[in-house]
Amino acid sequence: MKEILKLGIILFLFCAIGSGVLAFVNKMTKDKIAENKKKTEADARKEVLPNVTFDGPFTADAGKPDSLQYFIGKDQKGAIVGYTFIASGRGYSSTVRTMVAADQAFQILKIKVIDQNETPGLGANSSKDNFPPRFEKMGISDLVVDKDGGKIKSITGSTITTRAITKSIRNALTVLKGAVETTPKQVAPTEKLVASGGSL
Amino acid sequence: MEYLGNIFIMAISAILIQNFILARFLGLCPFLGVSTKMDSAFGMGMAVIFVMTLASSLTYLINVYLLIPNDIQYLSTIAFILAIAALVQFVEMVIKKNAPALYKSLGIYLPLITTNCAVLGVALLNFIDKWPNGKSYNFLDSTLNGFFSGIGFTFVLLLMAGIRERYEFIETPKSMRGFPIALVTAGCMALAFMGFAGLKL
Amino acid sequence: MNLLKEFTKGFVKENPTFVLVLGMCPTLATTTSLKNALGMGIAATFVLVCSNMIISLIKNVTPSNIRIPIYVVVIAAFVSIVDMAMAAYTPPLYKALGIFIPLIVVNCIILGRAEAFAGKYGFFPSAADGLGMGLGFTLALSVISTIRELLGTGQIYGMDVLPKSYIASPMLAAVLVPGAFFTLGFLMALVKILRKEV
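In short, a report on the structure.

Thresholds applied
- Residues numbered from 1 in each chain as written.
- Chains lettered and ligands numbered in written order.
- Predicted model: local features only at pLDDT ≥ 70, side-chain atom pairs only at ≥ 80, totals over all residues.
- Heavy atoms only, no water.
- Helix = DSSP H or I, 4+ residues; strand = E, 2+ residues; numbered from the N terminus.
- Contact = heavy atoms within 4.5 Å.
- Lys, Arg positive; Asp, Glu negative; His and termini not counted.
- Charge placed at Lys NZ, Arg CZ, Asp CG, Glu CD.
- Rg over C-alpha atoms; globule rule 2.2 N^0.38 Å.
- Buried < 20%, exposed > 50% of the residue type's maximum accessible area, 1.4 Å probe, protein only.
- 1 Å grid on protein atoms, 1.4 Å probe; cavity = no way out; pocket = protein on both sides within 12 Å on 5 of 7 lines; lining within 4 Å.
- Points joined across faces, edges and corners; volume = space filled by probe spheres on them.
- Buried area = accessible area lost by both parts, 1.4 Å probe.
- Polar contact = N/O pair within 3.5 Å; in protein donor to acceptor, adjacent residues only side chain to side chain.
- Patch = residues over 30% accessible without salt bridge, like charges linked within 9 Å, V, L, I, M, F, W, Y side chains within 5 Å.
- Areas by Shrake-Rupley, 256 points an atom, 1.4 Å probe, with all protein chains shown as cover.
- Salt bridge = Lys/Arg side-chain N within 4 Å of Asp/Glu carboxyl O.

## Overview of the overall build of chain B
When helices and strands are tallied, chain B shows eight helices and zero strands. Here the C-alpha coordinates of chain B stretch approximately 60 × 45 × 30 Å along the principal axes. Partitioning the contacts of chain B with sequence separation of at least 6, the portion at a separation of at least 24 is 76%. Once the 12 positive and 9 negative side-chain charges of chain B are each reduced to a mean point, those two points are 5 Å apart.

## Concerning the overall build of chain C
Tallying secondary structure elements over chain C gives nine helices and two strands in all. Listing the helices and strands of chain C from first to last along the sequence gives α-α-α-α-α-α-α-β-β-α-α. Expected size for 198 residues packed as a compact globule is a radius of gyration near 16 Å; at 18 Å, chain C falls within 12% of this value. Overall, the C-alpha framework of chain C stretches about 60 × 45 × 25 Å when taken along its three principal axes. Going through the 198 residues of chain C one by one, you find that 57% of them count as buried.

## A few points about the layout of surface pockets
Estimates place the volume of the second largest pocket at around 1,000 Å³. Lining the second largest pocket are 33 residues, with Pro111, Leu112 and Thr115 of chain B together with Ile68 and Leu111 of chain C positioned closest to its centre. Secondary-structure elements contributing two or more residues to the lining of the second largest pocket are helix 2 (28–33) and helix 4 (76–98) of chain B together with helix 4 (67–89) and helix 6 (108–118) of chain C. Per-element accounting of the lining of the second largest pocket gives the leading share, six residues, to helix 4 of chain B.

## As for the environment of Cys50 of chain C
The residue Cys50 of chain C is located in helix 3 (residues 34–58) in this model. Separated by 81 residues in the primary sequence, Cys50 of chain C and Leu131 of chain C have C-alpha atoms spaced 9.3 Å apart.

## Section: the interface of chain B and chain C
Of the residues lining the interface, 36 residues belong to chain B; the matching set on chain C comes to 35 residues. For the chain B and chain C pair, buried surface summed over both sides reaches about 3,100 Å², with 87% attributable to carbon and sulfur atoms. Viewed at the interface, chain C and chain B are joined by one residue pair in polar contact (both at pLDDT 80 or more). Sorting the residues of the side of chain B that touches chain C by element identifies helix 2, helix 4, helix 6 (117–125) and helix 8 (179–193) of chain B as the ones contributing at least two each.

## Points about a nonpolar patch on the surface
A cluster of nonpolar residues, Leu5, Ile9 and Leu13 of chain A, forms a patch on the protein surface that exposes about 300 Å² of accessible area. Mapped onto the secondary structure, Leu5 of chain A falls in helix 1 (residues 2–48).

## Some points on unusual backbone geometry
In the segment running from Gly56 of chain A into Pro57 of chain A, the intervening peptide bond is cis, with an omega of 5°. Of note in the backbone geometry, Val21 of chain C takes a positive phi value of approximately 50° without being a glycine. In this structure, Val21 of chain C sits in the loop between helix 1 (3–8) and helix 2 (24–29). We classify Val21 of chain C as buried; its relative accessible area is 13%.

## Focus on the pattern of salt bridges
Tallying each qualifying case throughout the model produces 19 salt bridges over all chains. A salt bridge links Lys37 of chain B to Glu168 of chain B, with the nearest nitrogen and oxygen atoms 3.2 Å apart. Here the residue Lys37 of chain B occupies a position in the loop between helix 2 and helix 3 (38–67), and Glu168 of chain B occupies one in the loop between helix 7 (139–166) and helix 8, the gap between them amounting to 131 residues. Residues Lys9 of chain C and Asp129 of chain C are paired through a salt bridge, measuring 2.6 Å at the closest nitrogen-oxygen approach. With Lys9 of chain C in the loop between helix 1 and helix 2 and Asp129 of chain C in helix 7 (residues 123–153), this pair connects stretches of sequence that are 120 residues apart. Note on Asp129 of chain C: relative accessible area 0%, which makes it buried. Taken together, the shared-partner salt bridges in this structure form one network comprising Lys37, Glu41, Arg45, Arg97 and Asp115 of chain A together with Lys95 of chain C.

All quantities given are derived from atomic positions and should not be read as evidence of function.
Listed below in structure tokens is the structure:
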């Protein structure tokens, strides 16, 4: 019994030392890791909707914890240019995350796949430059893969990945449309002043 | 009823479409090492299914109730592998006492289940994989995933053992004997299993 | 104890991949491109050298019957360090290697060398052994990945090498699962032939 106790304590000591070292390394790298994630998303956001300032993030359904988050892109005059959000769906071998920019008519302006681990040479081609253009100007009802009767041309040999991405964008766009149409209109500050009848 | 349908999808996915050995490259060391005889392959397979199922449950509980609430997920690798090592030690003791013949035939391969990438792999994958609708796995989902993945592993292991047993009767070129021909065989099997990729569930 | 000999044996004579047949999972999974292979090789070498060094130092205070769990804790600690460092400083490589970074902890090469060598010999021989084995592993990974990437995408390290007509429709299977098995199988046979003549 005493032997087992002694062994247990030695093992525990090693674990404690190991955990201590890891806690230290974690502290040093934690911020950089979070920063990396934010930066990829921020860069992708600027790429799909350039030359705007972003308001947000807004939550589509405040009640649900995993609800869609979106940003509103406004130009210098404060007019809404479009919305950006991340569509997420399970592809063939990984979860694919796509940054999407849509205009006020809920048609797609531009997309960019920001996270995927699909099959190299097949689904992974969704990260190539020739993939995003096929989504431009597509509305919610157009967002179906050609094999299923829609307008989105699938990647050769990789219908599954294309279908997953298309579906995730369609679902997210539908949620966005529902959220924006039911939220009271966001008025720009200048409009508010005029509406209240002159001086503040 | 719908949940049963989802379980079926999970099973087919784990065993055929995303098979641990032939699609995810997990569990290769025992796959190459223990697949020469059907009996040892069967024994190993059963032990692995058992460990993978229990390991999935145990690591899920550790992560959800110990690591995440205390924000110490960076300790997950250490915690998981220690849990698996303890589990394998426990299984070893049980088998030694209740099935000494099996214990003898498995030999050194039993403690080696600790270093089987498939066991730690499924424990980690339970937190990375998601249902098609985007939801993460809960406790029951994780346990079942471990179980079905173990079945997929054993299934391919037995297929391989069946084939390799017959290699004793053919004249393989000297340089290809042993691991090389086993790997090429696995490649052909992987090629065949790729046909399942198009299964629309 | 000839340090140079301990260091170089991992390259060919006792190459962990082709001769000792250890660490198969990452070998097949991360060799889809030379970049990923080098990333995995270097990460594994780092863990191997560090764990070999630490284990050779603590072997006198580790009771024999719990030495394996203690080795595992040491290895897991270094793997976690590599995991966090890569997530912070090399995010694209971290994403590409994915689950195989934490899986370094069950890479049979590392535990195998800890048990077979570091647990018995001194600090410098263990470090040399670790470095040699790690580099031998990286060498094997590089050879395999070069072949697979070249045949499967016509590129090496992401740069076009083969003519455009090949890149347009390459031998995709090489970079998919079956190609990994075939490539490794034939390379192993080749090494067997070379060693018999050597």
